[in-house]
Amino acid sequence: MTSIQQKEFLDFITLLDENGLLPHVVLVGSWAEYLYQHGNVLDGFISAAKTLDIDFLIRNQHRPTPMVDVVSLASKNGYTADFDYMESTTKLYTPQNLEIEFLIPQYGVGDARVIPTNLGIKAQALRHMDILLTHTMTVSFHGMEILVPRPEAYVVHKIVINRSRKNKREKDRDAIRNLWPFLHKETLQTITNGLTKKEQTTFRQITSEMELET
C-alpha cells in the first residue's frame, strides 16, 4: 500500500469512527491484512497486499437505528458516490480513486444480489460471508477500534471461495500462503468444523492442491 493509499484509508476509517459507524461494519479484503500487520495481530507478519479496493462487510442491514446515510456523509467530505447500474450497488471513491465497497452476507434460498441497508447503502450480497462475520476480532488502530475477521477465518473464507475468483485466484492463493504460517491451528480447526459439508469439501480440496499442512 502506498503512503497516499494508507492516508486515504485512515481518513475514511476516521470518518466512520467520528460518526459512530465502525461497530456496524467489519473491514474485510486486503486492508484487513494491513491491520494484521500494523495492528500487531500477527507477530512478524508482513502484508504483501496491493489493492485499490476497501471492502466493508455490513453486520446487520437494519442497523444503525436511526438510519445514517453514509453516501450523503461521504459526499459532504469530498468522496464521490456512484451507483453501479450493472450490479445495482452503491460505491464510494476517495479523491485518489480508491474504491470503497460495502458487502453483506446472503442467506437462504434465492439470489438477492443487492440488499438495501440502514447505512443508506445498497450492498452487494454474497455467499460464504458468514465465515467472516461469525469470527471477528477488534484491532486498535490510531486510537480507533476496528472490527476485522480473525486471520484464520479470513484464510478459510479465501480458500472456500477460491475457485470462484477467476482472475484473482492466484493472488488470493499468494495471500493464503503468506498468512498460513502465522495461523493458530486450533482456531483454524474450530472454524472449519463450523463450515457446511460442501464448504468443508472445498477446503480440503484447495488445501490439498496448495499442499498446505492442516
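Scroll up to find the structure this text is about.
To keep things clear, this report deals only with the structure shown in the data block.

Procedures and definitions
- Residues numbered from 1 in each chain as written.
- Predicted model: local features only at pLDDT ≥ 70, side-chain atom pairs only at ≥ 80, totals over all residues.
- Heavy atoms only, no water.
- Salt bridge = Lys/Arg side-chain N within 4 Å of Asp/Glu carboxyl O.
- Helix = DSSP H or I, 4+ residues; strand = E, 2+ residues; numbered from the N terminus.
- Buried < 20%, exposed > 50% of the residue type's maximum accessible area, 1.4 Å probe, protein only.
- Phe/Tyr/Trp six-rings, centres within 6.5 Å; stacked < 30°, edge-to-face > 60°.
- Core = buried A, V, L, I, M, F, W, Y, C linked by side-chain atoms within 4.5 Å.
- Contact = heavy atoms within 4.5 Å.

## Some thoughts on the pattern of salt bridges
Point 1. What the rule picks out here adds up to seven salt bridges.
Point 2. One salt bridge in this structure joins Asp172 and Lys158, with 3.1 Å as the shortest N-O distance. On the criterion of sequence distance, the pair formed by Asp172 in helix α6 (residues 169-179) and Lys158 in helix α5 (residues 151-160) is long-range, its members being 14 residues apart. Like Lys158, Asp172 is buried.
Point 3. With its nearest N and O atoms 3.5 Å apart, the salt bridge here joins Arg177 to Asp174. Taken together, the residues span about one helical turn, with Arg177 and Asp174 both in helix α6 at a distance of three residues.
Point 4. When salt bridges that share partners are traced, they join Lys158, Arg165 and Asp172 into one network.

## Considerations on the packing of aromatic side chains
By convention here, two paired aromatic rings are described through the distance between centres and the angle between planes.
Point 1. Taken as a whole and assessed by the stated rule, the structure comprises ten aromatic pairs.
Point 2. Each ring, one from Phe9 and one from Trp31, has its centre 4.4 Å from the other, and the planes form 10 degrees; the classification is stacked. Here Trp31 lies in helix α2 (residues 30-38) and Phe9 lies in helix α1 (residues 3-18), a separation of 22 residues in the sequence. Of the two residues examined, Phe9 and Trp31, each falls in the buried class.
Point 3. With 5.1 Å between their ring centres and 70 degrees between their planes, Trp31 and Tyr34 make a pair best called edge-to-face. Taken together, the residues Trp31 and Tyr34, both in helix α2 and three residues apart, mark about one turn of the helix.
Point 4. On the basis of relative accessible area, Trp31 is assigned to the buried category, the value being 0%.
Point 5. On the basis of relative accessibility, which here comes to 8%, the residue Tyr34 falls in the buried class.
Point 6. A connected cluster of aromatic rings, assembled from ring pairs, spans Phe9, Trp31, Tyr34 and Phe141.

## Regarding the nonpolar core
Point 1. Ranked by size, the top nonpolar core spans 58 residues in total, and within it Phe9, Phe12, Leu27, Leu35, Phe56, Phe102 and Trp180 carry the most contacts.
Point 2. Once you skip the residues sitting within four places of it in the chain, Leu35 turns out to touch Phe9, Leu27, Asn40, Val41, Val139, Phe141, Ile146 and Val148.
Point 3. The next biggest cluster of nonpolar side chains, apart from the first, holds eight residues, and it includes Val26, Val28, Met129 and Leu147.

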